[in-house]
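Per-entry structural report
Here's the letter readout for the chains.
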Amino acid sequence: MVGIIIASHGEFANGIFQSGAMIFGEQANVKPCTLMPSEGPEDIRKKMEDAIASFENQEEVLFLVDLWGGTPFNQASALLDGHEDKWAIVTGLNLPMLIETYASRFSMEKAHEIAAHVMQTAQEGVQINPKELEPKEEKKEEVSATPQGAIPEGTVLGDGHIKYGLARIDTRLLHGQVATAWTKTVGPNRIIVVSDNVAHDDLRKSMIEQAAPPGVKANVVPVDKMIQVAKDPRFGATKALLLFETPQDALRAIKGGVDIKELNLGSMAHSQGKVVCTKAVSMGSDDVKTFDELLAMGIKIDVRKVPTDSPENFDEILKKAKTELKMV
């Protein structure tokens, strides 16, 4: 029997797992895996690994995930690497999808077969009452299949200057909060992850490119490449959301000519030599030095996980980091 992992942000996976049991009965080889607010990518990945290890059949595994591009999806994608011939991921989890998945396991023995089958049920489960509110189908304009080709060097698009809707420091880079809340608020047409480390890691690079929300292209570039892009007039029609893994990468980019006036600080993971400043931010001595330099350059630091949060006091956060590092 195909093993099923139900993965979500927060308690959603546990809740829908319970709902599924109420309707369809208790199910073997099914495990809910939750990413809680205080946890990071490695935590939900470990939960998924433990769940798979508990399955009777580890050859066929189906991940039912809440959100495309979120941390649960990204970690499931990492686990999927090397198992694409047998395992599958379906996002947009809803109760009709889960019930149909349970039912399908009686007649289907392949995760790929079930994944392809439950898509229709999941889509049909989204309806509106009264029916008059349902959107009318519109005829889509035909798009030319003729390749547009590369834009010749020296071409000026728009005013010749790339626009930065948001520049964010986030250890997790492109995940649920960015792919949904920030992308909808900023409205970029391109997400650019600026990181030497990720640009040379084919697996992470591929995961980020696949995690881009609909209608937005995602790219991963080294810092030096971003500096070149910032000076290239061919990107004048681009509204970008920049993601930096570290403040050091952001500082290098700004010094190189990337015209950023404000940095949104989302998260900085804890590691050896760092102190915990908030639930989401940890800093080491080099981080403190980097932020001091950014502030001296007039760069504003906006500490928020999502757009609707109230900004935290960065001066107090930095002060706490300096105080606690002296005590280490």
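Here, every reference points to the structure presented above.
A few points on the structure. Bear in mind that the values here come from a model prediction, so they are computed numbers and not experimental data.

Cut-offs used in this document
Residues numbered from 1 in each chain as written. Predicted model: local features only at pLDDT ≥ 70, side-chain atom pairs only at ≥ 80, totals over all residues. Heavy atoms only, no water. Pairing = 2+ DSSP bridges. Helix = DSSP H or I, 4+ residues; strand = E, 2+ residues; numbered from the N terminus. Axes fitted to C-alpha atoms, helices over the stretch in contact; angles between N-to-C directions. Contact = heavy atoms within 4.5 Å.

1. Considerations on the sheet that holds strand β3 (residues 61-65)
Pairing in this open sheet of 4 strands is parallel, and the strands run β2-β1-β3-β4 from one edge to the other. Looking at which strands have only one partner, the edges of the open sheet turn out to be β2 (30-35) and β4 (88-91). Direction aside, neighbouring strands of the sheet carry axes that sit 20° apart on average. In terms of strand pairing, β3 meets β4 through 4 bridges, oriented parallel. Along β4, the bridge assignment pairs Phe 63 with Ile 89. Contacts from helix α3 (residues 71-80) reach β1 (3-9), β2, β3 and β4 within the one sheet, and its direction differs from that of β4 by about 165°.

2. Concerning the sheet that holds strand β12 (residues 300-303)
Spatial strand order, β7-β6-β8-β5-β9-β12: 6 strands in an open sheet with parallel pairing. Only two strands of the sheet have a single neighbouring strand rather than two, namely β7 (217-221) and β12. Mean inter-strand twist for the sheet, computed between neighbouring axes without regard to direction, equals 25°. Two strands pair when backbone bridges link them, and strand β6 (residues 190-194) and β7 are joined in this way by 5 bridges, in the parallel orientation. Each residue of the ladder has a partner; that of Ile 191, found in β7, is Ala 218.

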